[in-house]
Amino acid sequence: MNTSISSAQNPRIKDLLALQEKSRLRKERGLFVVEGLREIRHCIEGGYIIKEIFHNPSIISEEKLLQMFPDGTGNVTIASVNDYVYEKIGYRGSTEGAIAIVEARELSLDSLGDISDGKRAPFIIVTEEVEKPGNIGALLRTADACGADAVIICNPLTDIYNPNIIRSSLGGVFTNRIAICSSTQAIQWLKKNGVSIYTAQLQDSVPYYNADFTAPSAIVLGSEAKGLSPEWREASDRKIIIPMLGRIDSLNVSISAAVLCYEVVRQRITADTL
């Protein structure tokens, strides 16, 4: 069904704005908002169900919009909005004129399925109580870039479908296999699947480049404020550290993740060429 909306007071526009702003509402209704053609495309490719799309015809034509749906739009409701309304619902100006309401998915450990493709040892990224959406988004971009098999987010302090996470991840929320769970559940799952746990921490640690990541590995990072909980420290198979040669206390958690993840990539590429 295609409609045209010209007022920011339209109930559907108010509904979209509420979903953007309220985590509780997103959880209650099982819906979230995705802004941008690139992000919507990744969402569709990831198998998510699109419920509604709002587009500004002066930015993107309906014909181009429909090209993102190779199998047809099905029951997707498409609404065109004018410049004024789009300015009200859009977070940024570079989103190419499209915003979607999408059905949320249960992101449990069971939803990860088989983490091994049979060709290489699984590589998992784990976070605990990381609060800032921008850090989670950047970490998801790194996970996608380095080919991580899964990202496990433990004891989250923010909603994975927060628009800021989706934006900062550039759609990495949809390109990665993600699970949301408690630290206890994650530890049990990793142990059950034979994945070694490498905790990034200051105490009793070895430089990260002295660890062997060629076997099934999980890199675990805590929040910048508190680090990792005692539960992870006790469960750790190897404690690793990024040497700090300057005077500042620590790296941003997303930067730390990138450093550690690409050491995994480096070791595995090297091992494959030997």
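In what follows, the structure referred to is the one given above.
Keep in mind the model is a prediction, meaning the values are calculated, not measured.

Enquirer: Tell me about the overall build of the protein chain, and please be specific about residues and values.
Expert: Across its full length, the protein chain holds 11 helices and 12 strands. The C-alpha atoms of the protein chain give 21 Å as radius of gyration, which agrees with the globular expectation for 274 residues (19 Å, within 12%). Across its three principal directions, the C-alpha atoms of the protein chain cover 60 × 40 × 35 Å. Residue pairs at least 24 apart in sequence account for 80% of intrachain contacts in the protein chain once pairs closer than 6 positions are excluded. Within the protein chain, the 33 negative side-chain charges are centred at a point lying 2 Å from the centre of the 29 positive side-chain charges.

Enquirer: An account of a nonpolar patch on the surface is requested, with residue identities and associated values reported.
Expert: On the surface, a cluster of nonpolar side chains totalling about 230 Å² of accessible area is made up of Met244, Leu251 and Ile255. Overall, Leu251 belongs to the partly exposed group, its relative accessible area being 31%.

Enquirer: Describe in detail the sheet that holds strand E7 (residues 150-154), supporting the description with residues and values.
Expert: Across the sheet, seven strands lie side by side as E8-E7-E6-E11-E9-E12-E10; this open sheet has parallel pairing. A single partner strand is all that each edge strand has here, and the edge strands are strand E8 (178-181) and strand E10 (206-207). As paired elements, E10 and strand E12 (residues 238-241) share two bridges and run parallel to each other. Within E12, the residue paired with Val206 across the bridge is Ile240. This element, helix H6 (residues 133-145), spans strand E6 (123-128), E7 and E8 of the sheet and lies at about 155° to E7. Running at roughly 145° to E7, helix H9 (residues 183-192) makes contact with E6, E7, E8, strand E9 (196-200) and strand E11 (217-221) of the sheet.

Cut-offs applied
Residues numbered from 1 in each chain as written. Predicted model: local features only at pLDDT ≥ 70, side-chain atom pairs only at ≥ 80, totals over all residues. Heavy atoms only, no water. Helix = DSSP H or I, 4+ residues; strand = E, 2+ residues; numbered from the N terminus. Rg over C-alpha atoms; globule rule 2.2 N^0.38 Å. Contact = heavy atoms within 4.5 Å. Lys, Arg positive; Asp, Glu negative; His and termini not counted. Charge placed at Lys NZ, Arg CZ, Asp CG, Glu CD. Patch = residues over 30% accessible without salt bridge, like charges linked within 9 Å, V, L, I, M, F, W, Y side chains within 5 Å. Areas by Shrake-Rupley, 256 points an atom, 1.4 Å probe, with all protein chains shown as cover. Salt bridge = Lys/Arg side-chain N within 4 Å of Asp/Glu carboxyl O. Buried < 20%, exposed > 50% of the residue type's maximum accessible area, 1.4 Å probe, protein only. Pairing = 2+ DSSP bridges. Axes fitted to C-alpha atoms, helices over the stretch in contact; angles between N-to-C directions.

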